[in-house]
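# A closer look at the structure
What follows is each chain in one-letter form.
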Amino acid sequence: MEFQLRPMDSRDKPQLMELLWNTSEFTPAEIPVAEEVIDAYLDCPCQYYTITAAVIKTNVVGYVCFGQTPLTLATWDIYWMAVANNKRGLGIGSTLLKSAEEAISQAGGKLALIETSSNSNYLNTRRFYRKNGYKRISRIVDFYAPGDHLIIFEKRF
C-alpha cells in the first residue's frame with residue numbers, strides 16, 4: 001500500500017486526533033498534550049514544531065512532530081510520532097522518522113533526542129527507535145510515576 005508524506009494542514013486534525021485516541025501506547029492524559037502541540041503548529045507552522053503527515057489517498061495514517069530544542073544550536077527533539085495500528089509494519093514509521101532526521105540535518109541539526117516511557121506498552125516503541133539507529137543514553141527512575149521511568153534516546157548526525 002503506497003503512502004505519501006506531506007506537511008500537516010488543518011484539515012488533517014480530526015483524523016490525526018482519531019488516530020491518537022486509537023493508539024494503544026498513548027494514555028488519555030497524553031492526548032490533550034499532543035493536541036496542544038498540533039494546535040501550536042497549526043497556528044504558526046514551523047515556528048516551534050514541524051509536523052509531517054503520512055497519507056494514503058486522503059486518510060492520515062501517521063505523523064511525526066519535531067522541533068529544535070529551545071536554547072540549543074544543533075539539538076532537536078522528536079516530540080510525537082504515531083502510526084495507525086492497522087498500518088504498522090509497512091515502513092510508514094521508519095519513513096516518517098527518516099524524513100524528520102533529513103529535515104533536522106538539512107537545518108544544521110547534529111543531535112536528535114527522543115523521550116519515552118519505560119512502561120511495557122512502549123516496548124515496541126523502544127524497539128522501533130533502536131532498530132532505526134537510536135541509542136538509549138539515559139534512564140530517570142520514577143520520572144512519570146513510580147515504576148514508570150523516562151528513557152531518552154539519541155541519534156547523532
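Residues numbered from 1 in each chain as written. Predicted model: local features only at pLDDT ≥ 70, side-chain atom pairs only at ≥ 80, totals over all residues. Heavy atoms only, no water.

## Here's the deal with the pattern of salt bridges
Taken as a whole and judged by the stated rule, the model has 8 salt bridges. With a closest N to O distance of 2.7 Å, Asp39 and Lys13 form a salt bridge. Taken together, the residues Asp39 in helix H2 (residues 31-43) and Lys13 in helix H1 (residues 13-21) connect sequence positions 26 residues apart. Among the residues examined, Asp39 registers a relative accessible area of 28% and is labelled partly exposed. When its relative accessible area of 19% is taken as the criterion, Lys13 is described as buried. With a shortest N-O distance of 2.9 Å, Arg88 and Glu25 are connected by a salt bridge. One end of the pair, Arg88, is in the loop between strand E4 (75-83) and helix H3 (92-106); the other, Glu25, is in the loop between H1 and H2, with 63 residues separating them in the sequence. Overall, the relative accessible area of 36% leaves Arg88 in the partly exposed class. (Salt bridge = Lys/Arg side-chain N within 4 Å of Asp/Glu carboxyl O. Helix = DSSP H or I, 4+ residues; strand = E, 2+ residues; numbered from the N terminus. Buried < 20%, exposed > 50% of the residue type's maximum accessible area, 1.4 Å probe, protein only.)

## Some thoughts on the packing of H1 against H2
Running from N to C, H1 and H2 point in directions that differ by 155°, and their axes come no closer than 10 Å. Classed by the angle they form, the pair H1 and H2 counts as roughly antiparallel. Crossing of H1 over H2 shows right-handed handedness. On the side of H1, the interface is formed by Lys13, Leu16, Met17, Leu20 and Trp21, while H2 contributes Ile31, Ala34, Glu35, Ile38, Asp39 and Leu42. (Axes fitted to C-alpha atoms, helices over the stretch in contact; angles between N-to-C directions. Parallel < 35°, antiparallel > 145°, perpendicular 65-115°, else oblique. Left-handed = near helix turned anticlockwise from the far one by under 90°. Contact = heavy atoms within 4.5 Å.)

## Quick word on helix H4 (residues 123-131)
Think of an α-helix as 3.6 residues a turn; residues three or four steps apart then line up on the same face. Taken together, the buried positions of H4 are Thr125, Arg126, Phe128 and Tyr129. Buried residues of H4 fall within an arc of 155° about the axis and therefore sit on the same side. Exposed residues pointing more than 90 degrees away from the buried face of H4 are listed as Asn124 and Lys131. If you follow the buried residues of H4, they end up packed against E4, H3, strand E5 (111-117) and strand E7 (148-156). Once H4 ends, the next one or two residues include Gly133, with phi positive near 90°. (Arc of directions from axis to C-beta.)

## Some points on the nonpolar core
In a soluble, globular protein the nonpolar side chains are often hidden away together inside. Among the nonpolar cores identified, the biggest contains 22 residues, and Ile78 and Tyr134 are the most heavily contacted of them. Put simply, the parts of the chain that give this core at least two residues each are strand E2 (50-56), strand E3 (59-68), E4, H3, E5, H4 and E7. A total of 5 residues in this core trace back to one element, the largest contributor, which is H3. Apart from the residues lying within four places of it in its own chain, the contact partners of Ile78 are Val64, Cys65, Phe66, Leu97, Ile104, Ala112, Leu113, Ile114 and Tyr134. If you look at the next biggest cluster of nonpolar residues, it comprises 21 residues, including Ala53, Val60, Cys65 and Ala82. (Core = buried A, V, L, I, M, F, W, Y, C linked by side-chain atoms within 4.5 Å.)

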